[in-house]
Amino acid sequence: MTLSYKKETIEKIGFSEEKNNTNNGYISKSKKVNRHILNDFYSAVDSRDFYDLAEAVLAEIEDSSEVVKCAEVASKRQPGGAFYRAKLWAKISYLLEEIGNEKKQNLELKQLCELVGLHPNQAKGYIIQGKAIESVEKAFINTGNLREAPPALFQYAQRQKDRAGEYLIEAAKIFEKKSSATPTQIHREWCHKNGSIQANLDIIKPSDWWAFGHPKWRKEEDFPGSIPGEIYANALYYFAPKTGVAVDAMAGSGMFNRVYDDRDRWQKDSAFDLEIHLFDLHPCRNFIQKHDARKPLPIKADWIFIDPPYFGQSNHLFDGDLAAAKDYAEYLELLKEVIVALTDSLLPNGRLCIFLPKWSGLKLENPNYDIPADAYSLAINAGLHWIDAAFVSRARQQEAGSAVKNNAAKRERRMRSDTCVLNVFQKLGV
Ligand SMILES: C[S@@+](CC[C@H](N)C(=O)[O-])C[C@H]1O[C@@H](n2cnc3c(N)ncnc32)[C@H](O)[C@@H]1O
């Protein structure tokens, strides 16, 4: 089903509604370029006009280099950009089919991609997406909500390869029931029915050395102190139960929430079904509850994670007792209160993950505090049992502008602290 464009728009651009349809629903094989359509398409402001004009481009423009340019211009828009980029690339694939053998088609595709600065593999992905959208149209399912969906939904569909069409049909049906469904919710429903997809192996690490060069979850501008989401993903994957209560007791930006919501990207076949809760002394998101971790949580939990303010380097970032500790003795005293209260909040066999770096003064004569080791002692004294540890790169020596600090570290023979330790403890069953 090709969506029809509005009569006023057709009149505005000087086309009759009569179409000489081919099997693809596109007219004439001549390389038609209607400048009116293109000019209106490039200057469309209103979404409805944009949709109508994108349909007009699909129906009327036969010059592949013009269609390619329209596809990439369309992609900059939201809503509707991802949908029309995909449909326009599918059209390009039909135009390419007309020019002869595969070799020629690939050459032409390469040239078209160069025109708009895309890699041909990306273009092939959009073609898969566009043909998947056509499957929805052919099934006479309403594409109204699909048209407004963000790019992530079409990328999820593309990853299903020859099931991409089925995927979007399922998505369109979900949208009919719940128009506000997000790509993650749709994907979860798809995985629930169709089995989980192969997880992204980059996210889950095979060993206890965790380095994430390009974190997949971006830091949010208002909270520079968040950790890479991959740390939560690995800590859950290796150490959390599949069901039960999971808590981030010092939730900061709420990264835990984002990573758990996106679990289809990393959980493989775990099918986590956790009840998650986020707390912080200074909540900065409406889904984080205010709570001082030095007091037992209002609920008992199976898995608790803390990423406390780091000693001596966080007081410019966070308010709060741990960040503001005047010296290391006070910091450890506060950390002890937190560990005791969280141990008390664990259910039998529950686990506590503590994520901390060492603190090293800049000069050899400055203190060098092994905070993970001190936290270890506090946890053991609180009655917990150590079960495992992972070592996480902070990537500080690669940070822009680090050369001076790196040189000073070598000169002073005092290594910079560039690793966080995730220690995991368990409360024995009662
Ligand atoms: C390093 S940040 C956590 C960042 C978080 N992991 C993320 O990725 O967004 C430390 C957080 O601990 C909180 N905090 C400090 N002392 C606390 C306390 N006594 N109880 C609860 N939260 C506390 C701070 O408000 C801050 O948000």
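Described below are features of the structure shown in this document. (Residues numbered from 1 in each chain as written. Predicted model: local features only at pLDDT ≥ 70, side-chain atom pairs only at ≥ 80, totals over all residues. Heavy atoms only, no water.)

Counting residues in each nonpolar core, the largest one holds 66 residues, and the members touching the most others are Trp303, Phe305 and Leu422. By residue number, the principal contributor to this core is helix H15 (residues 328-345), which donates eight residues. Other than its neighbours up to four places away in sequence, Trp303 contacts Ala235, Leu236, Phe239, Ala240, Pro241, Val245, Ala246, Val247, Phe256, Arg351 and Cys353. Counting 55 residues, the second largest nonpolar core, distinct from the first, contains Tyr51, Cys70, Ala86 and Ile133. (Core = buried A, V, L, I, M, F, W, Y, C linked by side-chain atoms within 4.5 Å. Buried < 20%, exposed > 50% of the residue type's maximum accessible area, 1.4 Å probe, protein only. Helix = DSSP H or I, 4+ residues; strand = E, 2+ residues; numbered from the N terminus. Contact = heavy atoms within 4.5 Å.)

If you trace the backbone, His187 turns up in helix H11 (residues 183-194). A distance of 2.6 Å separates polar atoms of two side chains, one belonging to His187 and the other to Tyr167. (Polar contact = N/O pair within 3.5 Å; in protein donor to acceptor, adjacent residues only side chain to side chain.)

So, on to a nonpolar patch on the surface. On the surface, Tyr376, Ile380 and Trp386 cluster together into a nonpolar patch covering about 260 Å² of accessible area. Residue classification places Ile380 among the partly exposed positions, given a relative accessible area of 33%. (Patch = residues over 30% accessible without salt bridge, like charges linked within 9 Å, V, L, I, M, F, W, Y side chains within 5 Å. Areas by Shrake-Rupley, 256 points an atom, 1.4 Å probe, with all protein chains shown as cover. Salt bridge = Lys/Arg side-chain N within 4 Å of Asp/Glu carboxyl O.)

The pairing of strand E2 (residues 243-248) with strand E3 (residues 273-280) spans six bridges and is classified as parallel. Each residue of the ladder has a partner; that of Gly244, found in E3, is Leu274. Where the polypeptide runs from E2 across helix H13 (residues 255-261) and back to E3, its parallel neighbour, the crossover connection is right-handed. By the bridge criterion, two bridges tie E3 to strand E4 (residues 289-290) in an arrangement that is parallel. Considered in E4, the bridge of Asp280 is made with Lys290. (Pairing = 2+ DSSP bridges. Right-handed = clockwise from strand over helix to strand, strands pointing away.)

Let us look at the packing of helix H2 (residues 35-43) against helix H3 (residues 47-60). Relative orientation of the contacting elements H2 and H3 amounts to 145 degrees, with a least axis distance of 9 Å. Judged by the sense of rotation from one axis to the other, the crossing of H2 with H3 is left-handed. Together, Ile37, Asp40 and Phe41 of H2 and Phe50, Leu53, Ala54, Ala56, Val57 and Glu60 of H3 make up the contact between the two elements. Of the residues that constitute the contact of H2 with H3, the class distribution is seven nonpolar, no polar and two charged. (Axes fitted to C-alpha atoms, helices over the stretch in contact; angles between N-to-C directions. Left-handed = near helix turned anticlockwise from the far one by under 90°. Nonpolar A, V, L, I, M, F, W, Y, C, P; charged D, E, K, R; others polar.)

These figures come from the coordinates and say nothing about function on their own.
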